[in-house]
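Fold and geometry: a report
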Amino acid sequence: MAGRGKLIAVIGDEDTVTGFLLGGIGELNKNRHPNFLVVEKDTTINEIEDTFRSLGSVPGSVAEANPSQHDPPLWDEIDSWQFLNRDDIGIILINQYIAEMVRHALDAHQHSIPAVLEIPSKEHPYDAAKDSILRRARGMFTAEDLR
Amino acid sequence: MKDLVCPLAVLPTAGGDKEGGGSESDYVSMAALDLRAELDSLLLQLLGDLEELEGKRAVLNARVEEGWLSLAKARYAMGTKSVGPLQYASHMEPQVCLQASEAQEGLRKFKVVRSGVHAPEEVGPREAALRRRKGPTKTPELQSSEAPRDPLNWFGILVPHSLRQAQASFWDGLQLAADIASLQNRIDWGRSQLRGLQEKLKQLEPGAA
């Protein structure tokens, strides 16, 4: 794995995930650890957050990726589904409307890797005012700093 | 010029040495000038990066939208349920990987690398000899190497052109995503450098800052 580089993960709606998987980023290994999550109407915020950051059982996300796989995961394996905790992920692509649901988790992420990129979705165009990175950049300058 | 960037130790104190007082304040003002110049340069670079980021974002958004449109056309041609998670392979290997390099401490650059890309097959005789008329000779070594399976194959053998266009759009999007991630990282790094320099300047010139 060290030789081949890092992965690009994606958390998004069906079209976004399908598109980027077509681009060739998908990984689903023997242990059923995907680097993508298809967010549908019944996907809970907790599932999204769990996938993105914290501990938790995410059977829903596995079912989205592989409907034939329903075995509950081992707790030891769950950690490796958390994209932020995986050291083999370099970039996380996330639809901005989904990023809004877990904004607190995104804002808490201060490391340079994995980099988090917010992308638009079909129903929700990209809004620069909501982007975590640009909001931090906007807070760089105050009136006093520019004197 | 390095000796002009004065450490805090040479800052003038309240009951400071009168003889050296003038030279110390000169050091401080020279150091402050250097810091200001560095701040200006960093600020300009940051603003340039932000502008570049905005441009690349617009292109990424356009590519992704093109990809969705092509996917919709492919669905129209193949059927609504023919392009979606139900077609995902049970075993996937990434064709695209990311190379992350660290230029300076905290400053990372990302580059998308396509794995399993083979050089175009050489057609024709390998040696300067007459071509055999019995037909093309097989090259078993080349054919035995396994490349990651093209995700297009998940959707069938003959896929519509719109699906290939969608793949191309999202592939372009991945390249742009790597560039944007590099820019974001550079902006974050520049932001922390800016804060550090502003703090130093405030310590050198508490009144002016």
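The model shown is predicted, which means the values in this text are computed figures rather than measured ones. (Residues numbered from 1 in each chain as written. Chains lettered and ligands numbered in written order. Predicted model: local features only at pLDDT ≥ 70, side-chain atom pairs only at ≥ 80, totals over all residues. Heavy atoms only, no water.)

Residue and element names in this part refer to chain B. Taken as a whole and judged by the stated rule, the model has four aromatic pairs over all chains. Taking the centre distance of 6.2 Å and the plane angle of 45° together, the rings of Trp 154 and Phe 155 count as tilted. Each member of the pair, Trp 154 as well as Phe 155, carries the same accessibility label: buried. (Phe/Tyr/Trp six-rings, centres within 6.5 Å; stacked < 30°, edge-to-face > 60°. Buried < 20%, exposed > 50% of the residue type's maximum accessible area, 1.4 Å probe, protein only.)

Another aspect to go through is the interface of chain A and chain B. Listed by partner, the interface residues are 54 residues for chain A and 56 residues for chain B. Buried surface at the junction of chain A and chain B, summed over both partners, amounts to about 4600 Å²; 65% is from carbon and sulfur atoms. At the boundary of chain A with chain B, the tally comes to three salt bridges. Among the ionic pairs, Arg 57 of chain B bridges to Asp 131 of chain A, the shortest N-O distance being 3.2 Å. The interface formed by chain A and chain B holds 13 residue pairs in polar contact (both at pLDDT 80 or more) in total. When residues of the side of chain A that touches chain B are traced back to their parent elements, those giving at least two are β1 (7-12), α1 (14-22), β2 (36-38), α3 (59-65), β3 (89-95), β4 (115-119) and α7 (132-138) of chain A. Here the residues of the side of chain A that touches chain B are counted per class, giving 27 nonpolar, 13 polar and 14 charged. (Contact = heavy atoms within 4.5 Å. Buried area = accessible area lost by both parts, 1.4 Å probe. Salt bridge = Lys/Arg side-chain N within 4 Å of Asp/Glu carboxyl O. Polar contact = N/O pair within 3.5 Å; in protein donor to acceptor, adjacent residues only side chain to side chain. Helix = DSSP H or I, 4+ residues; strand = E, 2+ residues; numbered from the N terminus. Nonpolar A, V, L, I, M, F, W, Y, C, P; charged D, E, K, R; others polar.)

For the rest of this paragraph, the subject is the confidence of the model for chain B. Residues and elements named next belong to chain B. Here chain B averages 79 in pLDDT, and 72% of its residues register 70 or above. Taking the mean pLDDT of every element in chain B, the minimum, 44, falls on helix α2 (residues 140-144) and the maximum, 92, on helix α3 (residues 161-204). This stretch, residues 1-20, has a pLDDT under 50; its non-local contacts, to residues over four places away or in other chains, come to 19 contacts. Segment residues 118-123: pLDDT under 50, and three contacts once partners within four positions in sequence are set aside and those in other chains are kept. (pLDDT = per-residue confidence, 0-100.)

With their axes 7 Å apart at the nearest point, α1 of chain A and α3 of chain B run at an angle of 85° to one another. It follows from the interaxial angle that α1 of chain A and α3 of chain B lie roughly perpendicular. In this structure, α1 of chain A contributes Asp 15, Thr 16, Gly 19, Phe 20 and Leu 22 of chain A to the contact, and α3 of chain B contributes Leu 163, Ala 166, Gln 167, Phe 170 and Leu 174 of chain B. Among the residues forming the contact of α1 of chain A with α3 of chain B, the class breakdown is six nonpolar, three polar and one charged. (Axes fitted to C-alpha atoms, helices over the stretch in contact; angles between N-to-C directions. Parallel < 35°, antiparallel > 145°, perpendicular 65-115°, else oblique.)

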